[in-house]
Amino acid sequence: MQESLSDVTVADLPTLEFLSGLADTLAAGTVDLPAFPQVVIKVQEAFKDPSYTPQKVARVIATERTLADRLLQMANSTAFNATGRVIIDLGVAINRLGTQKVYSVALGHAIGHIRQNESLRSIAPRLDELWSECVTVAHFSDVVAKRRSHPFPGAFAAGLLHGIGRFYILVQRASQGASQVPLNAALVDAWHPAIAKAVLKNWQMDEAVCEAVGAQAQLNVVRAGPPTLTDVLIASIRLASRMQNSYDTSTLNAGGAFARLDLTAEACKSLIAQAIEETRALQRALRP
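Remember, it's a predicted structure, so these values are computed and weren't measured experimentally.

## Some details on the overall build of the protein chain
Argument step 1. Helix and strand content of the protein chain: 14 helices and zero strands.
Argument step 2. For the protein chain, the succession of helices and strands along the chain, N to C, is α-α-α-α-α-α-α-α-α-α-α-α-α-α.
Argument step 3. Of all 288 residues assigned to the protein chain, the portion counted as buried reaches 50%.
Argument step 4. Looking at the protein chain alone, contacts between residues at least 24 apart form 70% of all its contacts between residues at least 6 apart.

## Considerations on the side chain of H109
Argument step 1. With respect to the helices and strands, the residue H109 is situated in helix α6 (residues 99–115).
Argument step 2. Residue classification places H109 among the buried positions, given a relative accessible area of 4%.
Argument step 3. Beyond its immediate chain neighbours, meaning those up to four positions away, H109 contacts V39, E64, T66, L67 and R70.

## Comments concerning the nonpolar core
Argument step 1. In terms of nonpolar packing, the biggest core is built from 96 residues, with I61, M74, F156, F167, L200, M205 and L286 touching the most fellow members.
Argument step 2. Ranked by the residues each element gives to this core, the list is headed by helix α7 (residues 124–146), at 10 residues.
Argument step 3. The residues contacting M205, other than those within four sequence positions of it, are Q100, Y103, L107, A157, L161, L200 and C210.

## Topic: the environment of T53
Argument step 1. If you trace the backbone, T53 turns up in the loop between α2 (38–48) and α3 (54–61).
Argument step 2. Under the relative-accessibility criterion, T53 is labelled partly exposed at 27%.

## Some points on the packing of aromatic side chains
Argument step 1. Going through the model one piece at a time under the given rule, you end up with two aromatic pairs.
Argument step 2. For the ring pair F47 and Y52, a centre distance of 5.4 Å and an interplane angle of 50 degrees mean the geometry is tilted.
Argument step 3. The interplanar angle of 75 degrees and the centroid separation of 5.8 Å between the aromatic rings of F80 and F156 together place this pair among those described as edge-to-face. Remark: F156 occurs in helix α8 (residues 155–161) and F80 occurs in the loop between α4 (65–75) and α5 (90–97); sequence separation between them is 76 residues.

## Quick look at the packing of helix α10 (residues 185–202) against helix α11 (residues 207–214)
Argument step 1. Two numbers describe how α10 lies on α11: the axes approach to 7 Å, and their chain directions differ by 165 degrees. With respect to α11, the axis of α10 lies roughly antiparallel. When the axes of α10 and α11 are compared, the crossing they make is right-handed. Side by side, α10 and α11 meet where P193, A196, K197, L200 and K201 of the first sit next to E207, V209, C210, E211, V213 and G214 of the second.
Argument step 2. Considering only residue class, the contact of α10 with α11 consists of six nonpolar, one polar and four charged.

## What about unusual backbone geometry?
Argument step 1. Even without being glycine, Q204 reaches a positive phi, approximately 60 degrees.
Argument step 2. Assignment of secondary structure puts Q204 in the loop between α10 and α11.
Argument step 3. If you check the backbone angles, D262 has positive phi at about 60 degrees while not being a glycine.
Argument step 4. By relative accessible area, which is 56% here, D262 ends up exposed.

## Overview of the pattern of salt bridges
Argument step 1. The full count for this structure, using the stated rule, is 12 salt bridges.
Argument step 2. Across the salt bridge formed by D142 and K101, the nearest N and O atoms sit 3.2 Å from each other. Here the residue D142 occupies a position in helix α7, and K101 occupies one in helix α6, the gap between them amounting to 41 residues.
Argument step 3. Salt-bridge contacts for E133 lead to R126; the nearest nitrogen and oxygen are separated by 3.6 Å.

## Some points on α11
Argument step 1. Considered for burial, the residues of α11 that qualify are V209, C210, A212 and V213. Buried positions in α11, seen along its axis, are confined to an arc of 165 degrees and lie on one side of it.
Argument step 2. Those residues of α11 that are buried are in contact with α6, α8, α10 and α12 (229–244).
Argument step 3. Its side-chain oxygen at 3.0 Å from the backbone nitrogen of A208, D206 defines the N-terminal cap of α11.

## Overview of the packing of α7 against α12
Argument step 1. As a packed pair, α7 and α12 sit with axes 8 Å apart at the nearest point and diverge in direction by 125 degrees. It follows that α7 is oblique to α12 by the angle criterion. The two elements α7 and α12 cross, and the hand of that crossing is right-handed. On α12, the residues that touch T136, V137, F140, S141, V144 and A145 of α7 are V232, L233, S236, I237, L239, A240, M243 and Q244.
Argument step 2. When grouped by side-chain class, the residues that make up the contact of α7 with α12 number 10 nonpolar, four polar and no charged.

## As for the environment of A185
Argument step 1. Counting through the fold element by element, A185 comes out in helix α10.
Argument step 2. Spatially, the C-alpha atom of A185 lies 9.9 Å from that of D12, the residues being 173 residues apart in sequence.

The rules behind these values
Starting from 1, residues in each chain are numbered consecutively following that chain's sequence as written. Restriction of local features to residues with pLDDT of at least 70 applies here, the model being predicted, together with a cutoff of 80 or more for giving and counting side-chain atom pairs; totals for whole chains, interfaces and linings are based on all residues. Hydrogen atoms and water are omitted, and side-chain values are computed over all heavy atoms in the structure. Helix and strand labels come from DSSP, where a helix needs a run of H or I of at least four residues and a strand needs a run of E of at least two; each type is numbered from the N terminus. Only protein chains enter the accessibility calculation, which uses a 1.4 Å probe; a residue is then buried when its area is under 20% of its type maximum, exposed when over 50%, and partly exposed in between. Should any heavy atoms of two residues lie within 4.5 Å, those residues are counted as being in contact. What makes a nonpolar core is a set of buried Ala, Val, Leu, Ile, Met, Phe, Trp, Tyr and Cys residues whose side-chain atoms join them at distances within 4.5 Å. Ring pairs are drawn from Phe, Tyr and Trp, using the six-membered ring of Trp, whenever the two centres fall within 6.5 Å, and their geometry is named by plane angle: stacked under 30 degrees, edge-to-face over 60, tilted for the rest. Note on method: axes are straight lines fitted to C-alpha atoms, helices fitted across the in-contact stretch only, with angles between N-to-C directions ranging 0 to 180 degrees. Any angle that falls under 35 degrees is termed roughly parallel, while one over 145 is termed roughly antiparallel, one within 65 to 115 roughly perpendicular, and all others oblique. Rotating anticlockwise by less than a right angle from the far helix to the near helix defines a left-handed crossing, while the corresponding clockwise rotation defines a right-handed one. Each residue gets one label: Ala, Val, Leu, Ile, Met, Phe, Trp, Tyr, Cys and Pro are nonpolar, Asp, Glu, Lys and Arg are charged, and the others, such as Gly, are polar. A carboxyl oxygen of Asp or Glu within 4 Å of a side-chain nitrogen of Lys or Arg is what we treat as a salt bridge. Directions pointing from the helix axis toward each C-beta atom define the arc. Any N or O atom pair separated by 3.5 Å or less is treated as a polar contact, with the protein-specific requirement of one donor-capable and one acceptor-capable atom, and with residues adjacent in sequence counted only for side-chain atom pairs.

As structure tokens, this is what we get:
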């Protein structure tokens, strides 16, 4: 964790105890989220079936109309439909989006379903805000990855699910009836990537996605070799932050990820300008 024990005060000990307890439970292989939709588990099983076809997955997804509508909206959004031709066939939409995007949207659907749980009403606005941030990062991750000659297939999933650690922390805190107890923000910042990685490993997400999400806060690590999905995610988080706050001049230089991806300041500004409309469309498609 980024936050060393020497930085922790007595007042921070309840936060540290709470976060370490979550980490221990996750390490034991238990992800505790209320009302997790069965359709998501069935989608995962369909993708892992050796005889997988988009049509077989479509039949599973068609049983959950809301999820089917989300995927059709996404496939027809400006971010993923350059031709402008409207898709009404779910199998075609799944084929267009690809396995990683479809499964990550299914998980996003589950998150939206969980967010409606009565026990989480007090934190619903924060969960909505966090989800909106994740959708924006997902857009940038996908766009940045596509600029490479060898794109990263897990980029959209990494962006959409990079905040699952924060989500899990908030949900567990509310479920335990402690939502009014303040958490030390620095400790949450330090712990949420590792908690997110543990959740995604439990959900059997692609290993590269798990690694990138777990390393998202390692801004100052010097990496050798070609750019990785971690670089894509770090850069995308910074681009999303800059889009939300145009006065923040530091975010386009964070961690050297931009240099490794050959993203100049001008290229970043261009990506942000182009992202505004596409992000809105994606937000509408993936609204909780």
